[in-house]
Amino acid sequence: MEKKTIIIINVYNIIGDKTAMEAEQGQKIFKLIDMAFKEDKNIDISFQNIELITTAFLNTAVGQLYKDYEEGYIRNHLKISNLTNSGAIRLKRVVETAKLFYKDPDRLEQSIRDILDE
Amino acid sequence: MRLFNISNDFNSYQQLIHFYNDNKNKMFADIELDLKQFFCANLSAALGAILDKLIINSNNICFTNIDKAIETILKKNDFLSFYGYNSEKDIYGTTVKYKKILPRDAKYFRNYIEKEFIESNLSNLPNMSMGVKHSIIEAIYEIFVNAQIHSQTEYIYSCGQLFHTKNEIFFTLVDTGITIKDCVNNRFNSSLTSLQAIKWALEDKNTTKRNITGGIGLAFLKEFIKNNKGLLQIVSNDGYYSFDEKGEQYKLFSGKFPGTIVTIKFRTDDKCHYSLKSEKDINLENIF
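Anyway, here's the lowdown on the structure attached to this text.

Analysis parameters
- Residue indices begin from 1 for each chain and proceed along its sequence in written order.
- Here chains are named by letter from A upward and ligands by number from 1 upward, in the order in which they appear as written.
- With the structure being a predicted model, the display of local features is reserved for residues of pLDDT at least 70 and the display and counting of side-chain atom pairs for 80 or more, all residues being used for whole-chain, interface and lining totals.
- Each side-chain value is worked out from all heavy atoms of the structure, with water and hydrogens disregarded.
- Between rings of Phe, Tyr and Trp, where Trp is taken as its six-membered ring, a pair exists when centres lie within 6.5 Å; planes separated by under 30 degrees are stacked, by over 60 edge-to-face, and by other angles tilted.
- Comment: elements are numbered from the N terminus, with helices defined as DSSP H or I runs of at least four residues and strands as E runs of at least two.
- Per-residue accessibility, obtained with a 1.4 Å probe over protein chains only, is compared with the maximum for each type, and a residue is labelled buried under 20%, exposed over 50%, and partly exposed between these values.
- Only when the NZ of Lys or the CZ of Arg is both within 6 Å of the ring centre and within 35 degrees of the ring normal is a charge said to sit over the ring.
- Interaxial angle, 0 to 180 degrees, is taken between N-to-C directions of lines fitted to C-alpha atoms, where a helix line uses only the stretch in contact.
- Reported orientations rely on four angle classes, namely roughly parallel under 35 degrees, roughly antiparallel over 145, roughly perpendicular from 65 to 115, and oblique for the rest.
- Whether a crossing is left-handed or right-handed is set by the direction in which the near helix is turned from the far one by less than a right angle, anticlockwise for left-handed and clockwise for right-handed.
- Any two residues whose heavy atoms approach within 4.5 Å are treated as being in contact.
- Each residue receives one of three labels: charged for Asp, Glu, Lys and Arg, nonpolar for Ala, Val, Leu, Ile, Met, Phe, Trp, Tyr, Cys and Pro, and polar for the others, Gly being one of them.
- The buried area of a pairing is the accessible area, by a 1.4 Å probe, that goes missing from both parts when the two are put together, added over both.
- One side-chain nitrogen of Lys or Arg within 4 Å of one carboxyl oxygen of Asp or Glu is enough to make a salt bridge.
- In protein, a polar contact means a hydrogen-donor-capable atom and an acceptor-capable atom, both N or O and within 3.5 Å, with residues adjacent in sequence counting only if both atoms are side-chain atoms; elsewhere, any N or O pair within 3.5 Å suffices.

Here's the deal with the packing of aromatic side chains
All names here are of chain B.
- The tally for this structure, following the rule as stated, stands at 23 aromatic pairs over all chains.
- Taken together, a centroid distance of 4.6 Å and an interplanar angle of 0 degrees make the contact between Phe10 and Phe253 stacked. Placement of Phe10 in helix H1 (residues 10-23) and of Phe253 in strand E8 (residues 247-267) is noted, with a sequence separation of 243 residues between them. Neither residue differs from the other here; Phe10 and Phe253 are each classed as buried.
- Three or more aromatic residues joined by ring pairs form one cluster here, namely Phe63, Phe79, Phe82, Tyr83, Tyr85 and Tyr98.
- Of note, Arg187 hangs over the ring of Phe188, and the distance from its end group to the ring centre comes to 4.5 Å.
- Seen from the ring of Phe10, Lys251 lies directly overhead, with NZ or CZ sitting 4.7 Å from the centre.

Following this line, the structure appears as structure tokens:
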């Protein structure tokens, strides 16, 4: 991450809950990251005091960043802290999926055709 | 109509589907129901969803003959409270209460699950670590959120049952909204069968959401079930899917269920760490 002031996004404070479960909660985090990215800020998403996390939350909070921002930009500007191991496993999957999803938007249509052809 | 020996298997779901289809067109009728021999209490969620579909047609539901043991457990899990019975105290802590929850009321659902799995008698299970409990709860949340996002259901029904001696918990979540088949076909303008649609939905990274990633929750759940040596069943429309140690099964029902049922069985004595070896100790510095 480049050396600049780091904006800390405290997930527990933003969603007001120790469980990050719903897509709607994730959208609040996404909006904050998006706003800061547009100003070229560095961000630390802190999951301190978050005990349980779903992929639905992470898809919205982080996954959709890959629609508008390059991998390199995200890597240089975004840091994650205090995430549980289970949350980290989910986040890794979400990131891998998002990279593929936005690189190849026709993949899902093709997967339907593949199943019909079986 | 009689529901006989209802357990977590294909034939029992088929009985429930027959019961629904035999009564779905009735209006202003007395619909009689016997529950005999055995009724696996987590399936209160499926029965409650079906009965609600019949009640909105102004039918009366009459439990005419319930075996005593079944009546007791369905009073303990509060299911029969919805049909004019009093509830009974669950002294041994074997039930996860029957609830019908508005999809937007996720906070209520979270409080209910945490109360049932962490604060209640279920938490007295000596073999169940907090790590296992958290993994189970996260798996349940993934299913709830799936129903919340995709089904457009009026209510989400849930119920669970603990079998102490077998170290097993069964948990069922039901919606009466858009089935998996219709959800996939509406999104892609395709003509997949129920079984093809379920198979597609279970594939990692497949999602019907537009412009946003998804499709990880169900695949993740399946991996967790595999590691835990548990069971995953999905009933949606006329499709049945089952996954356990013995493998996967896809079957078609005669008749359709008006929504989706997901039943999961967890082993409570499993001390495994629920992640793949390659995924342990992920370095957060390199995650993007």
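Side note on the packing of helix H3 (residues 55-63) of chain A against helix H6 (residues 85-103) of chain A
Residue and element names in this part refer to chain A.
- It is at 9 Å that the axes of H3 and H6 come closest, and there the two elements cross at 55 degrees. Our classification of the angle between H3 and H6 gives oblique. The interaxial crossing formed by H3 with H6 has right-handed handedness. Within the contact between the two elements, H3 uses Thr55, Leu58, Asn59, Val62 and Gly63 and H6 uses Gly87, Arg90, Leu91, Val94, Val95, Ala98 and Tyr102.
- Residues that form the contact of H3 with H6 fall into these classes: seven nonpolar, four polar and one charged.

Things to note about the interface of chain B and chain A
- Across the boundary between the two partners, chain B contributes 47 residues, which contact 52 residues of chain A.
- Counting each side, the surface lost to burial between chain B and chain A is near 4,400 Å², with a carbon and sulfur contribution of 61%.
- Three residues stand out in chain B for area buried against chain A, namely Glu138, Thr213 and Phe288 of chain B, and they jointly supply 20% of the buried area on that side.
- Residues Arg110 of chain B and Glu22 of chain A are paired through a salt bridge, measuring 3.7 Å at the closest nitrogen-oxygen approach.
- There are 16 residue pairs in polar contact (both at pLDDT 80 or more) connecting chain B and chain A.

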